[in-house]
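# Chains, contacts and geometry: an overview
So you can see what is in the structure, the chains are spelled out below.
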Amino acid sequence: MKTFKVNLEIQALNPEQVGEKLQAFQDLQDSLEHDDFLQAVEVIVQNPDIVDFIKEVVPEEGEELSLGDYLGIAKKAFTRFG
């Protein structure tokens, strides 16, 4: 695989936010295959409300979801996005 240099313009309040955004991009790139990365971006761009939904349903650190939690999340997702 090749490495490419790119120039980006990033909107941020301060240099710390720029670093955080670049780190988030790196994390996604490291965690997802190319096609999955592109599909994730497409879903978020087409449905920006999904980010707020994920924030609502993501468990607290160390918390595990029960089957009932998963069913509730599925129902809430269907109601909101279905």
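Look above for the structure.
Quick look at the structure, then. (Residues numbered from 1 in each chain as written. Predicted model: local features only at pLDDT ≥ 70, side-chain atom pairs only at ≥ 80, totals over all residues. Heavy atoms only, no water.)

Turning our attention to the packing of helix 3 (residues 49-57) against helix 4 (residues 67-81). Taken N-terminus to C-terminus, the directions of helix 3 and helix 4 make an angle of 160°; their axes are 12 Å apart at the nearest point. In this view, helix 3 runs roughly antiparallel relative to helix 4, as classed from their interaxial angle. Judged by the sense of rotation from one axis to the other, the crossing of helix 3 with helix 4 is right-handed. For the pair helix 3 and helix 4, contact is made by Asp-49, Ile-50, Phe-53, Glu-56 and Val-57 and by Ile-73, Lys-76, Ala-77, Arg-80 and Phe-81, respectively. Grouping the amino acids of the contact of helix 3 with helix 4 by side-chain chemistry returns 6 nonpolar, no polar and 4 charged. (Axes fitted to C-alpha atoms, helices over the stretch in contact; angles between N-to-C directions. Helix = DSSP H or I, 4+ residues; strand = E, 2+ residues; numbered from the N terminus. Parallel < 35°, antiparallel > 145°, perpendicular 65-115°, else oblique. Left-handed = near helix turned anticlockwise from the far one by under 90°. Contact = heavy atoms within 4.5 Å. Nonpolar A, V, L, I, M, F, W, Y, C, P; charged D, E, K, R; others polar.)

A few words now on the pattern of salt bridges. Tallied over the full model, the rule gives 2 salt bridges. Residue Glu-56 pairs with Lys-76 through a salt bridge whose shortest N-O separation is 3.6 Å. One end of the pair, Glu-56, is in helix 3; the other, Lys-76, is in helix 4, and 20 residues separate them in sequence. For Glu-56, a relative accessible area of 44% corresponds to the partly exposed category. (Salt bridge = Lys/Arg side-chain N within 4 Å of Asp/Glu carboxyl O. Buried < 20%, exposed > 50% of the residue type's maximum accessible area, 1.4 Å probe, protein only.)

The subject of this paragraph is the layout of surface pockets. Taken as a whole, the largest pocket spans an internal volume of roughly 680 Å³. Taken together, 17 residues line the largest pocket, and the ones lying closest to its centre are Met-1, Phe-25, Gln-26, Gln-29 and Phe-37. Breaking the lining of the largest pocket down by element, the ones donating at least two residues are helix 1 (15-31) and helix 2 (34-46). Looking at which element gives the most residues to the lining of the largest pocket, the answer is helix 1, with 5 residues. Grouping the amino acids of the lining of the largest pocket by side-chain chemistry returns 10 nonpolar, 4 polar and 3 charged. What the second largest pocket holds in volume is close to 240 Å³. Taken together, Ala-24, Phe-25, Leu-28, Leu-32, Phe-37, Ala-40, Val-41, Ile-44 and Val-45 make up the lining of the second largest pocket. Mapped onto the lining of the second largest pocket, the elements with two or more residues apiece are helix 1 and helix 2. (1 Å grid on protein atoms, 1.4 Å probe; cavity = no way out; pocket = protein on both sides within 12 Å on 5 of 7 lines; lining within 4 Å. Points joined across faces, edges and corners; volume = space filled by probe spheres on them.)

Glancing now at the environment of Thr-79. Position of Thr-79 relative to the elements: it lies in helix 4. Sequence separation between Thr-79 and Asn-14 is 65 residues, and the spatial gap between their C-alpha atoms is 37 Å.

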